[in-house]
Amino acid sequence: MVQIEIDSGSGFCFGVTTAIKKAEEELGNSPTLYCLGDIVHNGIEVERLHERGLTTINHNQLAQLHDTKVLLRAHGEPPSTYEMARQNNIDIIDATCPVVLQLQRRIKRQYETSPQAQIVIFGKNGHAEVLGLVGQTDGNAIVVENINDVKELDFSRDIFLYSQTTKNLDEFHEIIEFIQNHMAPTATFRSFDTICRQVANRMPAIAAFAARHDLILFVSGRKSSNGRVLFHECLSQNPRSYHIESPLEIDMVWLEGVETIGICGATSTPKWLMEQCRDHILQHLETKPQSTVTGKP
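Residues numbered from 1 in each chain as written. Predicted model: local features only at pLDDT ≥ 70, side-chain atom pairs only at ≥ 80, totals over all residues. Heavy atoms only, no water.

Participant: What exactly am I supposed to notice about the side chain of His 127 here?
Facilitator: Locating His 127 in the fold gives a position in the loop between β6 (118–122) and α6 (128–134). Within the structure, the side chain of His 127 is placed 3.0 Å from the backbone nitrogen of Glu 129, a separation counted as a polar contact. Setting aside chain neighbours within four positions, we find His 127 in contact with His 41, His 75, Gln 164 and Ser 225. (Helix = DSSP H or I, 4+ residues; strand = E, 2+ residues; numbered from the N terminus. Polar contact = N/O pair within 3.5 Å; in protein donor to acceptor, adjacent residues only side chain to side chain. Contact = heavy atoms within 4.5 Å.)

Written as structure tokens, this is what we have:
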């Protein structure tokens, strides 16, 4: 008997849920709505909303718009985006995640209070959230992705360390320890744990989920930073873990000899997509007379 379980802890985080809800509410009143960047790093969900009238634009296209509405996704934006919208008479629908918004404000206050210090952000260069955070410092914040980047800091100057909200907590602690061990006695170092706990807590939970199943299907857009981190956590616990974007990517050969299948995903993965993957497998197995299948919600 093959059992399929969808991880109850997977799926949209609060910030993404709110952004999509705002988009759907606005589209209920208007046939079209612009969104600055993909509303979520999941191509299938982006396409679903596009069919309802959501048009994704970039910053160059934003500069050409006037007298319209634009939704800002959960990742947040730098102050320059709001200024451009003001100049172009654009009505902003702000869906910035409250956790990200609070972090932006903290970094801005720190920069204004300590303009000579190094404001350091542990995050992915070019990531939408990180661009918004760096924008709070007029572009002066230093982004570090790993220990090699940290080595380039000036340890004789004050350092204030923050983190992108979706980064790995263990890696953040490693960076903190490295900086602490290299700071000059005359310089100040302070670190601020700004990783979202709703995201961070998914690491141990998804590891336990992956370990208790024969096969793991991790459903996520490949552009999702959070998705890559969580998938590698699954892979570390279960070598029979596969990263897929849609049910069509499931190779039924993977199912041979399997008794339990776990389906999970990133904070940008819609629950309905994981359910589609489950149903796709069930339909396949039900065509095989010798198979007995069950599917947990």
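Following the structure, the description resumes.
Participant: I'm lost on the environment of Val 199 in this one. Help?
Facilitator: Here Val 199 lies in helix α9 (residues 197–200). A sequence separation of 169 residues divides Val 199 from Ser 30, and the C-alpha atoms of the two residues are 33 Å apart. Each residue touching Val 199, except ones within four places of it in the same chain, is listed here: Thr 165, Thr 166, Asn 226 and Thr 267.

Participant: Is there a simple way to explain the sheet that holds strand β2 (residues 33–36) in this structure?
Facilitator: Strand pairs in the sheet, formed through backbone hydrogen bonds, run parallel or antiparallel to each other. One open sheet holds the four strands; their spatial order is β3-β2-β4-β5, and the pairing between them is parallel. Each having just a single partner strand, β3 (54–57) and β5 (91–94) make up the two edges of the open sheet. The sheet shows a mean angle of 35° between the axes of neighbouring strands, taken without regard to direction. With four bridges joining them, strand β4 (residues 69–72) and β5 adopt parallel strand pairing. Residue pairing across strands places Val 70 opposite Ile 92, the latter belonging to β5. Set on the sheet, helix α1 (residues 14–29) makes contact with β2, β3, β4 and β5; between it and β4 the angle comes to about 165°. Its contacts with the sheet put helix α4 (residues 79–87) on β2, β4 and β5, and the angle it makes with β5 is roughly 145°. (Pairing = 2+ DSSP bridges. Axes fitted to C-alpha atoms, helices over the stretch in contact; angles between N-to-C directions.)

Participant: Before we go on, may I ask you to explain the sheet that holds strand β8 (residues 159–163) in this structure?
Facilitator: Taken together, four strands build an open sheet; the order of strands is β7-β6-β8-β9 and the sheet is parallel. The open sheet has two free edges, formed respectively by β7 (142–144) and β9 (189–191), since each of these has just one partner strand. Across the sheet, the mean angle separating the axes of adjacent strands is 25° when strand polarity is ignored. Bridge count for β8 against β9 is three bridges, and the pairing is parallel. Bridging across to β9, Leu 161 finds its partner in Ser 191. With respect to the sheet, helix α5 (residues 98–113) is in contact with β6 and β8, its orientation differing from that of β8 by roughly 170°. This element, helix α8 (residues 169–182), spans β6, β8 and β9 of the sheet and lies at about 175° to β8.

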